[in-house]
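Commentary on secondary and tertiary structure
Listed below, chain by chain, are the residues.
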Amino acid sequence: MSPALLAAVAVLLAFAAAWEIAGSRGEEVRQGAGRALAGLTGGRARSFAEAALRLGIPQRLQRAGFSDRVSISTVLVAKLVGTGLGALAASSLAPVAPGRLALPVALALPAAGFFAPDALLEREGRRRMRRLVNALPDALDLLAVGAAAGRSPGTVIGEIAGGTTGPLAAELAIAVARIECGASQAEALAALHERVPVAQIGALAA
């Protein structure tokens, strides 16, 4: 096994150990991490939750459809691990890079590791949005037919959500759940348009 690979495994084990310690020591570790985070960011972020909001992680998870499957802390840990692996790679490659490329390599590889989880989430978010938009014409047709037949739009939306699969069905199911919990139809559709800000969703809400 190469030294670089051994170092990468060591970093992963160190993060795993830190994660286990954080789980066992709870509030004490969170407070220490918060103080360190505040120091690193000049006081602009005092908790991992605030850091996640500043980095836009919840929005990326929502766009990718991973909000209920991947936690914010998992993404933060992935960013830390990526940065560590990038730094290890830079320590091996920067010294052998020709001339003026050494400094760019030393800076770019850790940065690439830090932003890699964001890039993966953005790619999945774009893929999910394409699938959602492609499913909209059929949903609009069904809604128009139901409205012409005098049926409630909420009922038709519920049938679309229950009778199909994919990201559009999941978003419509959230809208139906909001209506069933007491929100008005207009509020539920406005929230849907806010989560999926595309013109076709605006047409469906209208």
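Let me sum up the structure you'll find in this document. (Residues numbered from 1 in each chain as written. Predicted model: local features only at pLDDT ≥ 70, side-chain atom pairs only at ≥ 80, totals over all residues. Heavy atoms only, no water.)

A look at the overall build of the chain
Basically, it comes down to this: Helix numbers and strand numbers start at the N terminus; a helix is a DSSP run of H or I with at least 4 residues, a strand a run of E with at least 2. Only heavy atoms matter for contacts: two residues are in contact if any of them lie within 4.5 Å across the pair. Note on areas: Shrake-Rupley with a 1.4 Å probe; residue coverage comes only from the protein chains shown.
Each helix and strand in the chain was counted, giving 10 helices and 0 strands. When its helices and strands are written in sequence order, the chain yields α-α-α-α-α-α-α-α-α-α. Across the chain, the fraction of contacts at a sequence separation of at least 24, relative to all contacts at a separation of at least 6, is 51%. With an accessible surface of roughly 12400 Å², the chain has 65% of that area assigned to carbon and sulfur atoms.

Details of helix α5 (residues 72-93)
Residue pairs three or four apart in sequence face the same way in an α-helix, which turns once every 3.6 residues. To keep things clear, this is the line we draw: Here the expected span of a helix is defined as 1.5 Å times the quantity of residues minus one. Accessibility here uses a 1.4 Å probe with only protein chains present; expressed as a share of the type maximum, an area under 20% marks a residue as buried, one over 50% as exposed, and anything in between as partly exposed.
Taking 1.5 Å of rise per residue, 22 residues should cover 32 Å, and α5 covers 31 Å from first to last C-alpha, within 8% of that figure. Turning to α5, its buried residues number three or more, namely V75, L76, K79, V81, G82, G84, G86 and A90.

Considering the nonpolar core
The line we're drawing: Among buried residues, those of type Ala, Val, Leu, Ile, Met, Phe, Trp, Tyr and Cys that are joined through side-chain atoms within 4.5 Å constitute a nonpolar core.
L136, I157, L168, L172, L192, I201 and L204 are the most contacted members of the largest nonpolar core, which has 17 residues in total. Of all the secondary structure elements, the ones that give two or more residues to this core are α6 (102-148), α7 (153-163), α8 (167-180), α9 (185-195) and α10 (199-205). L172 has contacts with I157, I160, A161 and L192, leaving out every residue within four places of it along the chain. Counting 7 residues, the second-largest nonpolar core is a separate cluster that includes I57, F66, V75 and L76.

Brief notes about the pattern of salt bridges
Heads up, the condition is: One speaks of a salt bridge when a side-chain nitrogen belonging to Lys or Arg is within 4 Å of a carboxyl oxygen belonging to Asp or Glu.
For the structure on display, the rule yields 8 salt bridges. Across the salt bridge formed by E124 and R127, the nearest N and O atoms sit 3.4 Å from each other. Of this pair, E124 and R127 both sit in helix α6, 3 residues apart, roughly one helical turn. Residue E171 pairs with R195 through a salt bridge whose shortest N-O separation is 2.6 Å. Of the two residues, E171 is situated in helix α8 and R195 in helix α9; the sequence distance between them amounts to 24 residues. Using a relative accessible area of 18% as the deciding quantity, one classes R195 as buried. Taken together, the salt bridges that share partners define one network made up of R60, R63, K79, D118 and E122.

Section: the packing of aromatic side chains
What counts here: When two rings of Phe, Tyr or Trp (its six-membered ring) have centres within 6.5 Å they constitute a pair, described as stacked for plane angles under 30 degrees, edge-to-face for angles over 60, and tilted for the intermediate range. Two conditions define a charge located above a ring, namely a distance within 6 Å from the ring centre to NZ of Lys or CZ of Arg, and an angle within 35 degrees of the ring normal.
Tallying each qualifying case throughout the model produces 1 aromatic pair. Between the aromatic rings of F114 and F115, the centroid separation amounts to 5.1 Å while the plane-to-plane angle is 90°, which identifies the pairing as edge-to-face. Between K79 and the ring centre of F114, over which it is positioned, the NZ or CZ distance is 3.8 Å.

With respect to the layout of surface pockets
Definition in use: Residues are called lining when one of their atoms sits within 4 Å of a cavity or pocket point, these points coming from a 1 Å grid over the protein atoms alone, where a cavity is a set in which a 1.4 Å probe fits but cannot get out and a pocket is an open set with protein on both sides within 12 Å along at least five of seven lines. Grid points are joined across faces, edges and corners, and a volume is the space filled by probe spheres set on the points. Residues are grouped as follows: Ala, Val, Leu, Ile, Met, Phe, Trp, Tyr, Cys and Pro are nonpolar; Asp, Glu, Lys and Arg are charged; all remaining types, including Gly, are polar.
Counted as a void, the second largest pocket has a volume near 200 Å³. Contributing to the lining of the second largest pocket are Q62, G65, F66, S67, D68, R69, R128, E171, I174 and R195. The class makeup of the residues in the lining of the second largest pocket is 2 nonpolar, 3 polar and 5 charged.

Points about the packing of α8 against α9
Spelled out, the test is: Axes here refer to lines fitted to C-alpha atoms; in helices the fit is confined to the stretch in contact. Angles between the N-to-C directions go from 0 to 180 degrees. Oblique is the label for any angle not covered by the other classes, which are roughly parallel (under 35 degrees), roughly antiparallel (over 145) and roughly perpendicular (65 to 115). Handedness of each helix crossing follows the sense of rotation of the near helix against the far helix: counterclockwise by less than a right angle gives left-handed, clockwise gives right-handed.
Relative to each other, α8 and α9 sit at 150°, their axes nearing to 9 Å. The orientation of α8 relative to α9 falls into the category roughly antiparallel. As α8 runs across α9, the sense of the crossing is right-handed. Along the contact surface, α8 presents E171, L172, I174, A175, R178 and I179, while α9 presents Q185, A188, A191, L192 and R195. By residue class, the composition of the contact of α8 with α9 is 7 nonpolar, 1 polar and 3 charged.

Examining α7
Using the following cut-off: What the arc covers is the set of directions going from the helix axis to the C-beta atoms.
Those residues of α7 not exposed but buried are G154, V156, I157, I160 and A161. Along the axis of α7, the buried residues cluster in a sector spanning 160°; they form a single face. Away from its buried face, by an angle of more than 90 degrees, α7 presents the exposed residues G162 and G163. Buried residues along α7 sit against α6, α8, α9 and α10.

Here's the deal with the side chain of K79
For K79, the location among the structural elements is in helix α5. The residues contacting K79, other than those within four sequence positions of it, are L55, I57, G113, F114, F115, P117 and D118.

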